[in-house]
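Chain by chain, the residues run as shown.
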Amino acid sequence: LYLGKENGRIISAMAFNHECTDGYEQVDWQINAEKSEVVVIHMLAVHPSYLRSGIAGIMVRFAIEQAGLQRGRAIRLDVLKGNIPANRLYERAGFKKLDTLTMYYPDTGYTDFELYELVL
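Residues numbered from 1 in each chain as written. Predicted model: local features only at pLDDT ≥ 70, side-chain atom pairs only at ≥ 80, totals over all residues. Heavy atoms only, no water.

Side note on the nonpolar core
Keep this limit in mind: Each nonpolar core is a collection of buried residues, namely Ala, Val, Leu, Ile, Met, Phe, Trp, Tyr and Cys, held together in the definition by side-chain atoms within 4.5 Å. Classification of residues uses two cut-offs on accessible area relative to the type maximum, computed with a 1.4 Å probe and protein chains only: under 20% is buried, over 50% is exposed, and between them is partly exposed. A run of H or I in DSSP counts as a helix once it spans at least four residues, and a run of E counts as a strand once it spans at least two, with each numbered from the N terminus.
Counting 22 residues, the largest nonpolar core has Ile-41, Ile-75, Leu-77, Tyr-90 and Phe-95 as its most contacted members. Of all the secondary-structure elements, those providing two or more residues to this core are β2 (9-17), β3 (38-46), α1 (55-69), β4 (74-80), α2 (84-92) and β6 (109-119). Core analysis: the next-biggest nonpolar cluster, separate from the first, contains nine residues, Tyr-24, Trp-29, Val-38 and Leu-101 among them.

Re the pattern of salt bridges
Oppositely charged side chains can form a pair if their charged atoms are brought close together. Cut-off, in case you're wondering: Take a side-chain nitrogen of Lys or Arg and a carboxyl oxygen of Asp or Glu: if they are within 4 Å of each other, that pair is a salt bridge.
One pass over the structure, following the stated rule, counts four salt bridges. In this structure, Glu-117 and Arg-76 form a salt bridge, with 2.7 Å as the shortest nitrogen-oxygen distance. A residue pair is termed long-range when its members are at least 10 positions apart, and Glu-117 in strand β6 and Arg-76 in strand β4 qualify at 41 residues. Exposure remark for Arg-76: the relative accessible area of 8% places this residue in the buried category. The salt bridge partner of Lys-97 is Glu-114, with a shortest N-O separation of 3.4 Å. Linking Lys-97 in strand β5 (residues 96-105) with Glu-114 in strand β6, this pair joins segments that are 17 residues apart in sequence.

These values are about where atoms sit, not about what they do.
In structure tokens:
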């Protein structure tokens, strides 16, 4: 879990590791990589007062940098279908949308997600 702070106040948060949810194995990813070579972004949140401030882009660039330091070959993630701001954020950062799947998360139930990958 990584936090973005300004003047000691948390303004953003992001979680990533090498774990993926059920469904990722169905995607025709751009590269074949071992679990340890893939960084999966699980959550990126920005405090409402900081929306459109560029902090989300800073957090994504940080994740890309960290994945490179971990000798990662790709970053993968899923976005709720229809989340246009998130789609634009990741596509501007170079991620490619590869598939849309119905996947299960406890907080959303079965929902459509768009799956993205950035090959490093």
